[in-house]
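Structural overview for review
Each chain, written out:
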Amino acid sequence: MGSSQMVLAKVPYSRARHCLELIRRQSTSPPLSNKKEGLPKKLSQLRSESLIRNMLRVTKPDMVWRSKMFPKDTLSAQSSLNTIQNALVSHFGKVANSFKVSACLHTHISVGDVIALTPNVGTRLAVVVQIPNSPSDPRYTLITDQGEILFLSSLSSKLRFPQVFPTKWLRNLVIPEEISDLPPVGNPKAALEEPVDSSLLTASSSKVNTFISAKSPTKIITKYLVNFMADAWKKLPELNMKLEFLHNLLQSSEGPYQIGVFELLDACNRLDLNKVATMLTSGESPVNVYQKIAIEVFGEDYTFNYLPFQNFPLGKNVQGSFESSKNINISAFLSLVLCLRKNSKLYKHSITSVGLPLEVTIIPLPKVVEQDRILLKMKEDKTLLPELVRYIDSKVRGDTDLVQPDLYPQVINLLKDYSGNDYSNLPLLESLIVRILRNTHKFKNDFITRSTVYELLTLLKEIELNTDPTEWSNELAKPHTNVSETSTQEQNYYDNLEFKDTTDPLGKIRKTFNDTIYTIDGVDALEIDDGVSITENGDNWTIRTHIADPGSRLDLDSTLSKIGFRRAYTHYFPDTNDRHIPMLPRSFVKNVELTKKGQPVRTMCFELSYNTKKNKIESEKTQIYAALETNFVKLTYDEVDEILKGNDSFLEELSKKHDISKEKLSTDIHRMFTVSTNLKNHRFKKGALNFSPISKRLVKVEKVGEELSLIFDNQSFSKSQILVSELMIATNASVGEFCARRKIPSIYRIIQSKQRAPEVIEMFRQSQTCVNVPLTQRIMMMNFMGLSSFSSTPRPHESLGISRYCTVTSPLRRFTDLAIHWQLQSFLLNDKELLFTPANLDYIILHLKFKEHQIRSTMDRSKAFFTFRHLSQFKGDQQKFFKCVFLSNVSSAGTVEVSLLDYGVRCTLKRSDEKSHPGARMIGTLKIGDIIEDAYVEDIDLLEGNLLLRSPSCI
C-alpha cells in the first residue's frame, strides 16, 4: 500500500487522463479478447485501473479543493494533514470546542453545526456541510465522524451544537462524482432518505446521483468529531456516579418534576465525590450531610426545595439567573446526555426544537424501587408470571370470583406508565411487559406495542375505553391522575383559593380614559383578557389596547406566581373544556378579567397612534400606561361579523343590550376593521408569510358513553378574528419597539429564517405576491419555515413581518406576557433597577421554551390519539375513502408521506397491489401537492402514531 500511494502521488493528472482514454477504448471491445483462454487481466492493467480510480475519486477532488480554498498558497499533493489543518485555521478560524445556548435559541440548523445522529445521542456525530439547494428537496448534506456523506431532512429533533466549524472550512467539500465508465464509489442521493446499495450502481444505468468529498479535509473534520465523542466517553464514569448520587438528593416521593439541564450540569461540575464520601462516613446525620452538599452544589441561596427530607414546595422559583451567552463545553454536555440516557430509569429528557434538552425530569425513587421489585420478584419466583397471566386471561374472559395475584396492582401501574411514556431505553422492563402480553391468550401471536398494552388495560377494565394516554405522562404530570401528588396539591391550592383584593402598587400613576372598550372573543372563551378602544384625532386615530392586569396583584415570591411559572401556559386539551390546566386559578381570573361593566378594572393600556394617510402605526408615538377603566362592551366574534355585514336589526339589538348608540358601535367596529385590514396588508409588504394551513385541525372531542364526537375546523379566519388578531399583533409589535428603543430587557418572540439557497429564497419571494399560494408551494415552504423561539435581546419575527415582537396581550394564560407586564410596571414606576436583568429573563426563557415543547408534544399526542381512535373504526373498510395530499416524493418501495386533509394528521400511503383498477395511476407519477380522494385505512397504531393508507387508484 505504501509504495502504491507514493507512485500515485507522482503521476501527473494529464497522464492519468491518457490512461483513462486507453481503458475506455479497451472497454468498447470485449473485455477479454482471448476468451477461449479465459486469461485474467494483466497486473499492469489492474494497476492502471486502480491508478485512474484513485486519481478521479481521491487525488483530483483533493487538488481541486485545495486550489479553490487556497488559490494563492502552494499546497501540494504531498502536504500533510497538519499543514492543511494549519492553513484552514490561519485562513478561516479555529474549530470551537464549546457552544452558546443563545445560539441554539436564536439560530436554525446551519452549515458548521454539529449534529448527534440519534435524538438521545448514540456514538456518531456529523457536521452540516451544505444546506438544501432545492425547494422540492429539504435535505441537508452532512459528513459523519466516519467520513460518510448523509442527506437528511429531519434534524430539528436531534441534539445540535451550533457554529462549531467555521463555515468557510466546509466550502467545496462535497461535490458530485465525476461521470466515467468506472462504477461510482460515492454516496448516492436517492429521491428519499432511503438506503441505496452503491455497489449495484453503474454510470450507464443509474439515474441516482452520487457524491464524494475531498479526502484530506474530510479526515481533518472527522478527527475533530471523533475527539468530541472520545472526550465525552472519558468523562462518563465519574459523571455517571455523580448523577446517581444527585438523584438521591433531588428526587421527591411526591412525583416527577423538572430541573434545568444546565443547572444539573453545573451541579455535577461542583460536586466533589471524594468529599461526599468523607462526609457520608463522618457519622453526621444524613439530613445534615445532604443539606451541606446542597449548599456546595447549588450555592448559598439554595432553599433545600428539592430535598426529599422536607415538604416539596409548590411551584417553581421565578427569580433565577442564567447567562445564555456563556460557553458550554461540547464534550461535557455530550457526556451529560449520554449519562442521562444510561440512567433513564432515574432521569427523562427530550430534545426540544432548539436542539437541546432544556430541562430534565426527575423520576421519583418509589417508582424506581417498585419497578425493580417487580423485576426481582419475577426473576426469583418463576411461578409469578404464569399466575399473573392466568388471572389476566380469566379477567379478560369475564370470569368472576377471582383471587388477585400480589403483583397485579403494581403491574397495572407499570402498564399505564408504559402506555404514557417512552421506555425505549429500559430494555428489562420493556422485555417483561412483552413477555406478559405474549403469554396471554389474546395477544400471544401479536406484535406488542404500546397500543397493545393500552388495549389490554381496556379489556381488563382498568381504564375507560377512550382514556387519553397522556394522563400518565411523567413530563406533564397532570393533576388528579396519580402521577404527581405535587401537581394535585397545586390544583387543590388553586381550587380552594379565595380572591382577596390587594393594594395597588401602581395606584398613584393609574389613568382613566373613560373609553368604550370592546372585548371580542369566542362564546366559550375561558378568560377575557383583552379589549380595544378607538378614537378619532384628525389624521391620527388613537387605538388603546387594554389588557387585564394580574401583575399588580401578584408578587414574584407568591405561591400563585410560582405555580403559574411552573405551568407557564394554560393547557387546553381537546377532550373537554372543564379539565384544562389553567396557568392561574379561575377564582383569580374571574376577578381580574375585563368583564365587569360599571366596576373599575385595573388594566395595562397600550396606546397606539394610527396614521390614516400612511395607513400604519407610528411606533415611535407608542405610550404605555397603568389604567383603571369601567366601560367594557362584551361582544362575540359572531356578533362583530354581523355588524360588519351591516345587519341593522342585529345592530339595534346590540345597541340596546349594551346601552350604546348604533352609530358609535357601528363606526368603531368598522374603523377597527379598516385599521386591521391595512395593518395586515402592510405586514405582507414587509415580508410576512401569506398562506393558509393545508388541512383541518382537531379542536374539540366530545365523549358520549363509549362514542367519540370529533370537531374539526379549517383554520380560516373570519373578519372579526382578523380584526382582533391584527390589533393584538400591532400592540405586541409596538411594545417590542418600545422596549428596544428604551433598552428595556424583555422577552422577544422571534422567528428568524433558516439558511436558504437562492431557489428557496425565490420561492418565498414569489409567495409574497400571491393572493392564494398554491398548495404544492405551501407544502414545500413548510420545510423551510423558521421555528419560533425567545430572546432577551431584540430580534425579528420574520413570519409576521415584524422587527420586534413582545407578547403582552394574554397575561392570564401566558407567563411570557405576565413577566413582560411586571418588567414594564417597574419601568413605569421609575424603579432605579428594573425587575429583571437579561440573565433573569434567560432563566425564564429556558423554562418557557421547555414548557412550550412539553405542552405541544403532549397536545399533539393527545389529538393524534383521539383522531386515530376515531379512524380505527374504519380499519380495513375499503369502501370508506379519505382525501389526502402528498407531502413528499415517492420512495422506491412505493410509499409516500401524506396528510389527511379533513383530519390534519400525517400518515403513510402505500401503492395498491391491485393493477386492474379503472383510472389507476402509477404512484411514481404523482408529486408533492397532488390530492387523491380514495385512500382507505389498512392498518393503524393508536399510541405509536402510525397510520397506513392504501389507494386503489395508486399502483
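Going by an unreviewed UniProt entry, the protein chain carries the name Exoribonuclease II, mitochondrial and comes from Komagataella phaffii.

Another aspect to go through is the overall build of the protein chain. Within the protein chain one finds 26 helices and 29 strands. Its C-alpha atoms give the protein chain a radius of gyration of 32 Å, within 12% of the compact-globule value 30 Å for 955 residues. In terms of principal-axis extent, the alpha carbons of the protein chain reach across some 110 × 80 × 70 Å. Split into buried and exposed, the 955 residues of the protein chain put 54% on the buried side.

The final tally for this structure, using the stated rule, is 6 cavities of 30 Å³ or more. Taken as a whole, the largest cavity encloses approximately 210 Å³ of empty space. Lining the largest cavity are 20 residues, and of these Leu-476, Ala-477, Ser-487, Glu-490 and Arg-566 lie nearest its centre. Elements represented by at least two residues in the lining of the largest cavity include exactly strand 10 (257-260), helix 16 (485-495), helix 17 (559-567) and helix 26 (838-871).

For the rest of this paragraph, the subject is the pattern of salt bridges. Using the criterion set out here, one finds 45 salt bridges in the structure. Salt-bridge contacts for Arg-586 lead to Glu-593; the nearest nitrogen and oxygen are separated by 3.5 Å. It is possible to trace a salt-bridge network through shared partners that takes in Asp-501, Asp-504, Arg-510, Asp-549, Arg-553 and Arg-602.

Domain boundaries in the protein chain define domain 1 (46-195 + 205-223), domain 2 (232-366), domain 3 (367-473), domain 4 (492-751 + 786-860) and domain 5 (874-950). Its C-alpha centre places domain 2 at a distance of 32 Å from the equivalent point of domain 3. Every contact between the two is made by 9 residues of domain 2 and, on the other side, 8 residues of domain 3. Carbon and sulfur atoms make up 55% of the surface buried where domain 2 meets domain 3, a total of about 830 Å² over both sides. Where domain 2 touches domain 3, the interface holds 1 salt bridge. Across the pair Lys-345 and Asp-372 runs a salt bridge whose closest N-O atoms are separated by 2.0 Å. Taken together, the connections running from domain 2 to domain 3 amount to 10 residue pairs in polar contact (both at pLDDT 80 or more).

On to a negative patch on the surface. On the surface, a cluster of negative charge is made up of Glu-380, Asp-381, Glu-387 and Asp-406. Relative to the assigned elements, Glu-387 resides in helix 12 (residues 384-397). Judged by relative accessible area, which is 33%, Glu-387 ranks as partly exposed.

Our next topic: the sheet that holds strand 9 (residues 209-213). Pairing is antiparallel in the open sheet, where 3 strands are placed in the order 7-9-8. Each of the sheet's edge strands pairs with one partner strand only, and the pair in question is strand 7 (174-176) and strand 8 (187-189). Pairs of neighbouring strands in the sheet enclose a mean axial angle of 40°, with direction left out of account. One ladder, built from 3 bridges, connects strand 7 with strand 9; its direction is antiparallel. Considered in strand 9, the bridge of Pro-176 is made with Phe-211.

The subject of this paragraph is the packing of aromatic side chains. If you walk through the whole model with that rule in mind, you get 27 aromatic pairs. Look at Phe-565 and Tyr-843: their rings are 6.0 Å apart centre to centre, the planes differ by 45°, and that puts the pair in the tilted class. Within this pair, whereas Phe-565 is found in helix 17, its partner Tyr-843 is found in helix 26, the two being separated by 278 residues in sequence. Aromatic ring contacts, followed pair by pair, group Phe-99, Phe-161, Phe-262, Phe-322 and Phe-333 into a single cluster. Its end group placed over the ring of Phe-738, Arg-742 keeps NZ or CZ at 3.7 Å from the ring centre.

Below, the discussion takes up the state of the cysteines. By the definition in use, this model includes 0 disulfides. As a non-bridged cysteine, Cys-907 has Cys-884 as the owner of its nearest cysteine sulfur, 6.5 Å distant. Cysteine Cys-954 is unpaired, with the sulfur of Cys-884 as its nearest cysteine sulfur at 7.5 Å.

Considering soluble globular proteins, one finds that nonpolar side chains tend to be buried as a cluster. Of all hydrophobic cores here, the largest spans 168 residues; its most connected members are Phe-165, Phe-333, Ile-669 and Leu-824. The dominant element in this core, judged by the number of residues it contributes, is helix 6 (residues 215-250), at 14 residues. In terms of nonpolar packing, the next biggest core, distinct from the first, is built from 62 residues, Ile-392, Leu-426, Ile-448 and Phe-865 among them.

Moving on, we get to the side chain of Arg-602. Looking at the secondary structure, you find Arg-602 in strand 17 (residues 601-611). For Arg-602, a relative accessible area of 7% puts it in the buried group. Of note is the side chain of Arg-602, whose polar atom sits 2.6 Å from the backbone oxygen of Thr-502. A polar contact of 3.0 Å, which involves the side chain of Arg-602, links it to the side chain of Ser-552.

A large share of strand 25 (residues 882-886) lies buried, amounting to 4 of its 5 residues. Of the pairings in the sheet, the one linking strand 25 to strand 28 (residues 931-941) comprises 3 bridges and is antiparallel in character. In the strand pairing of strand 28, Phe-882 is matched with Ala-935. Relative to strand 26 (residues 895-900), strand 25 runs antiparallel, the two being bridged by 3 bridges. By the bridge assignment for strand 26, Phe-886 is matched with Val-898.

A word on helix 25 (residues 815-828). Look at helix 25: 20 Å from first C-alpha to last across 14 residues, which is about the 20 Å you get at 1.5 Å a residue. Within helix 25, 13 of the 14 residues are buried, leaving the element largely enclosed by the surrounding structure. Taken from the residues just after helix 25, Asn-830 is the one with a positive phi, measuring 60°.

With that settled, the discussion passes to helix 9 (residues 286-298). Spanning 13 residues, helix 9 covers 18 Å between terminal C-alpha atoms, matching the ideal 18 Å at 1.5 Å per step. Regarding helix 9, the residues found buried are Val-289, Tyr-290, Ile-293, Ala-294, Val-297 and Phe-298. The arc that holds every buried residue of helix 9, seen down its axis, measures 135°, which confines them to one face. Considering only its buried residues, helix 9 is in contact with helix 6, strand 10, helix 7 (261-270) and helix 8 (273-280). Of the residues trailing helix 9, Gly-299 is marked for its positive phi of about 100°.

Calculation criteria
Residues numbered from 1 in each chain as written. Predicted model: local features only at pLDDT ≥ 70, side-chain atom pairs only at ≥ 80, totals over all residues. Heavy atoms only, no water. Helix = DSSP H or I, 4+ residues; strand = E, 2+ residues; numbered from the N terminus. Rg over C-alpha atoms; globule rule 2.2 N^0.38 Å. Buried < 20%, exposed > 50% of the residue type's maximum accessible area, 1.4 Å probe, protein only. 1 Å grid on protein atoms, 1.4 Å probe; cavity = no way out; pocket = protein on both sides within 12 Å on 5 of 7 lines; lining within 4 Å. Points joined across faces, edges and corners; volume = space filled by probe spheres on them. Salt bridge = Lys/Arg side-chain N within 4 Å of Asp/Glu carboxyl O. Domains from an automatic or database assignment. Contact = heavy atoms within 4.5 Å. Buried area = accessible area lost by both parts, 1.4 Å probe. Polar contact = N/O pair within 3.5 Å; in protein donor to acceptor, adjacent residues only side chain to side chain. Patch = residues over 30% accessible without salt bridge, like charges linked within 9 Å, V, L, I, M, F, W, Y side chains within 5 Å. Areas by Shrake-Rupley, 256 points an atom, 1.4 Å probe, with all protein chains shown as cover. Lys, Arg positive; Asp, Glu negative; His and termini not counted. Charge placed at Lys NZ, Arg CZ, Asp CG, Glu CD. Pairing = 2+ DSSP bridges. Axes fitted to C-alpha atoms, helices over the stretch in contact; angles between N-to-C directions. Phe/Tyr/Trp six-rings, centres within 6.5 Å; stacked < 30°, edge-to-face > 60°. Lys NZ or Arg CZ within 6 Å of the ring centre and 35° of its normal. Disulfide = S-S within 2.5 Å. Core = buried A, V, L, I, M, F, W, Y, C linked by side-chain atoms within 4.5 Å. Expected span 1.5 Å × (residues − 1). Arc of directions from axis to C-beta.

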